[in-house]
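# Inside the fold
Now for the letters of each chain:
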Amino acid sequence: MTDPSRIRARNFPSAGDEARAVQPHGRYDGPGSAFRMAFTDTDFLLREELRPVRLQLELLKPELIQQEQGVESTVVVFGSARFKAPDVADAMLRDAVASGDEAAIRRAQRMVGNARWYEEARRFGELVTREPEALGEPVIVATGGGPGIMEAGNRGAYEAGGRSMGMSIFLPFEEAPNPYITPELCFQFHYFAIRKMHFLMRAVALVSFPGGLGTLDELFEVLTLTQTRKIRRRPIILVGRDFWQRLIDFEVLVEHGVISPEDLNLFHYAETAEEAWDAIKAAYSGDNPTLTARQLRGN
């Protein structure tokens, strides 16, 4: 009997096969030689003219891997990279007090106060992970992959025994992604724009804890795209009403006519992990066709 595997064998060797089979060719293997295959030539791929190709690759790699891993819907967590876990913040304060440095003590005291947001984000990641199908579709937590609030969201999912995603951006002052991300779903980006697009491509809800410029950048991106209807409506939760209302007076924008009063309904406030998760579940429990958790693929 004919072996079916012989009938279905590749007609051409794969790119990987040929890349592994290439042998050095003396003078054509040295610096400056153009002999290397284009897709194995890092110097070529990093040329300025190849930026469009790199943008495409950075969009495509996470997309294909998420498809392979069965990730369809995510709950995205934003927030400060600088906040510490409560035990870490307490240790910082003890060290500062021991040093007698008043400035260090003040910084550590602020860090202890902000540690509550780390703990809320950790519990939020745990809540989502323990009820992955509460919205009617399987969801996982996705973060920016770094420390602080991002670490807390991934950590909560990890401690609940589930998967979570991290989309890190290369920064000179961050050495590695946090240790709680599912390795198969840990990505690194060069382009902020592509990273932010991936945040939204599968998001069924976005939860923003207190944060700085990066958090504001991500938050206003999603608010603008929602307001202009470039993306479909989904719950946007701001955790920590006092922080957000002191930082951004949205009513002033309404008073000056630069946003509509209805735009204030684009987001909601919450104080705790439970409130945030309950608000998301409530949004999807009603009969609202603009709020469906299922992510539809196609043109």
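Residues numbered from 1 in each chain as written. Predicted model: local features only at pLDDT ≥ 70, side-chain atom pairs only at ≥ 80, totals over all residues. Heavy atoms only, no water.

Attention shifts here to the layout of surface pockets. Within this model, the largest pocket holds a volume of roughly 770 Å³. Lining the largest pocket we find 36 residues, and of these Ala81, Met150, Leu171, Phe173 and Glu174 sit closest to its centre. Breaking the lining of the largest pocket down by element, the ones donating at least two residues are β1 (73-78), α7 (149-159), β3 (164-169), α8 (192-201) and α9 (213-227). For the lining of the largest pocket, the element with the most residues is α9, which contributes five residues. Among the residues making up the lining of the largest pocket, the classes are represented as 17 nonpolar, eleven polar and eight charged. Computed from the structure, the second largest pocket encloses a volume of approximately 370 Å³. Around the second largest pocket sit 14 residues that line it, and Arg54, Leu57, Glu58, Gln188 and His190 are the ones nearest its centre. Elements supplying a minimum of two residues to the lining of the second largest pocket: α3 (42-45), α4 (51-68) and β4 (186-189). Counting residues per element, the lining of the second largest pocket draws most heavily on α4, at five residues. Here the lining of the second largest pocket is built from residues that sort into eight nonpolar, three polar and three charged. (1 Å grid on protein atoms, 1.4 Å probe; cavity = no way out; pocket = protein on both sides within 12 Å on 5 of 7 lines; lining within 4 Å. Points joined across faces, edges and corners; volume = space filled by probe spheres on them. Helix = DSSP H or I, 4+ residues; strand = E, 2+ residues; numbered from the N terminus. Nonpolar A, V, L, I, M, F, W, Y, C, P; charged D, E, K, R; others polar.)

Attention now goes to the sheet that holds strand β5 (residues 203-208). Spatially, the seven strands line up as an open sheet ordered β4-β3-β2-β1-β5-β6-β7, and their pairing is parallel. Among the strands making up the open sheet, the edge pair consists of β4 and β7 (268-270). Adjacent strand axes in the sheet meet at a mean angle of 25°, parallel and antiparallel pairs treated alike. Sheet topology places β1 next to strand β2 (residues 139-143); five bridges connect them, and they run parallel. When the bridges of β2 are listed, Val76 appears paired with Ala142. Sheet strands touched by α4: β3 and β4. Its angle to β4, the strand with the most contacts, is close to 175°. Along the sheet, α8 makes contact with β1, β2, β3, β4 and β5, crossing β3 at roughly 165°. (Pairing = 2+ DSSP bridges. Axes fitted to C-alpha atoms, helices over the stretch in contact; angles between N-to-C directions. Contact = heavy atoms within 4.5 Å.)

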